[in-house]
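Residues per chain, in single letters:
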Amino acid sequence: MTDIQVRRAKPDDADALVRLRGLMLAAMGTDIGGPDAPWREIARQWFAEQLSSPETFAAYVVDDPAVGVVAGAAGNVYVHPPGPKDITTLRGHLYNVSTEPGFRRRGLARACVVALMDWFRDETAVGQIELHATPDGIDLYRALGFIEASYPTLRLRLG
């Protein structure tokens, strides 16, 4: 691959987005289970549904002619109250950035993230974009202008 061609994902790309999500989660140390793990079908349905809401969700992918989708990034718009540093009422969440191992270090994930950032800027009213970075991805995000928040992310799982 020499010329990176990024395209907006379509509903029939849901399986590829689930596969890429599995790669990302495994790289983060999550046990993703086998091909029949229950989360995969739920995620496939979720991605297919989200891909049919182009005003609030977008995913961008790169295809290899022989392999199919090899990289991608996804994001959504969500409602957030305004504050003194951001008076907008919408924020973006960038996630699911992943590349097949054999296609890494070619700028594919970066191209997908840039396309997604363009979507946020040009097609939504998002005031800022947030993400959770892995150690492997943090330099990419910093190079694109993302900065660390001054407060930690905490999580509480219910149920």
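All of these numbers come straight from a predicted model, not from anything done at the bench. (Residues numbered from 1 in each chain as written. Predicted model: local features only at pLDDT ≥ 70, side-chain atom pairs only at ≥ 80, totals over all residues. Heavy atoms only, no water.)

(A) Expanded view of the packing of aromatic side chains. Counting across every chain of the model gives six aromatic pairs. For the ring pair Trp46 and Phe47, a centre distance of 5.1 Å and an interplane angle of 75° mean the geometry is edge-to-face. We classify Trp46 as partly exposed; its relative accessible area is 36%. Grouping aromatic residues by their ring pairs yields a cluster made of Trp46, Phe47, Phe57 and Tyr95. (Phe/Tyr/Trp six-rings, centres within 6.5 Å; stacked < 30°, edge-to-face > 60°. Buried < 20%, exposed > 50% of the residue type's maximum accessible area, 1.4 Å probe, protein only.)

(B) Representation of the sheet that holds strand 4 (residues 90-99) within the structure. With respect to topology, five strands assemble into an open sheet ordered 1-2-3-4-5, the strand pairing being mixed. In this open sheet, the two edge strands, each paired with only one partner strand, are strand 1 (6-8) and strand 5 (128-130). The average angle at which neighbouring strand axes cross in this sheet is 25°, direction not considered. Sheet topology places strand 3 (residues 68-79) next to strand 4; eight bridges connect them, and they run antiparallel. Residue pairing in the sheet places Gly72 in a bridge with Ser98 of strand 4. (Pairing = 2+ DSSP bridges. Helix = DSSP H or I, 4+ residues; strand = E, 2+ residues; numbered from the N terminus. Axes fitted to C-alpha atoms, helices over the stretch in contact; angles between N-to-C directions.)

(C) Structural context of the layout of surface pockets. If you add up the space inside the largest pocket, you get close to 1,200 Å³. For the largest pocket, the lining is made up of 38 residues, of which Met24, Val97, Ser98, Thr134 and Tyr141 are closest to its centre. Among the elements of the structure, helix 1 (14-27), helix 2 (38-51), strand 4, helix 3 (108-123) and helix 4 (138-143) are those that each provide at least two residues to the lining of the largest pocket. In terms of residue count, strand 4 provides more of the lining of the largest pocket than any other element does, seven residues in total. Here the lining of the largest pocket is built from residues that sort into 21 nonpolar, eight polar and nine charged. Around the second largest pocket, the lining comprises 27 residues; the ones closest to its centre are Glu130, Ile147, Glu148, Ala149 and Tyr151. (1 Å grid on protein atoms, 1.4 Å probe; cavity = no way out; pocket = protein on both sides within 12 Å on 5 of 7 lines; lining within 4 Å. Points joined across faces, edges and corners; volume = space filled by probe spheres on them. Nonpolar A, V, L, I, M, F, W, Y, C, P; charged D, E, K, R; others polar.)

(D) Focus on the pattern of salt bridges. Counting across every chain of the model gives 11 salt bridges. Between Asp13 and Arg7 there is a salt bridge whose closest N-O contact spans 2.7 Å. By relative accessible area, Arg7 is classed as partly exposed at 22%. In this structure, Asp118 engages Arg121 in a salt bridge whose closest nitrogen and oxygen atoms are separated by 3.0 Å. Residue Asp118 and its partner Arg121 are both found in helix 3; the two are separated by three residues, about one turn of the helix. (Salt bridge = Lys/Arg side-chain N within 4 Å of Asp/Glu carboxyl O.)

(E) Molecular detail of unusual backbone geometry. A positive phi is found at Asn96, a non-glycine position, where the angle reads about 60°. Mapped onto the elements of the fold, Asn96 is located in strand 4. Its identity is not glycine, yet Arg105 carries a phi of approximately 70°, on the positive side. Mapping Arg105 onto the fold places it in the loop between strand 4 and helix 3.

(F) Just the nonpolar core, in detail. The biggest cluster of nonpolar side chains holds 24 residues, and the ones touching the most others in it are Leu94, Val113 and Leu116. Per element, the largest residue contribution to this core is nine residues, and it comes from helix 3. Dropping the residues within four chain positions of it, Val113 is found in contact with Ala73, Leu94, Val97, Leu140, Tyr141 and Leu144. Residues Leu17, Val18, Ala43 and Leu51 belong to the second largest nonpolar core, which totals 15 residues. (Core = buried A, V, L, I, M, F, W, Y, C linked by side-chain atoms within 4.5 Å. Contact = heavy atoms within 4.5 Å.)

This is a description of form; function is not addressed.
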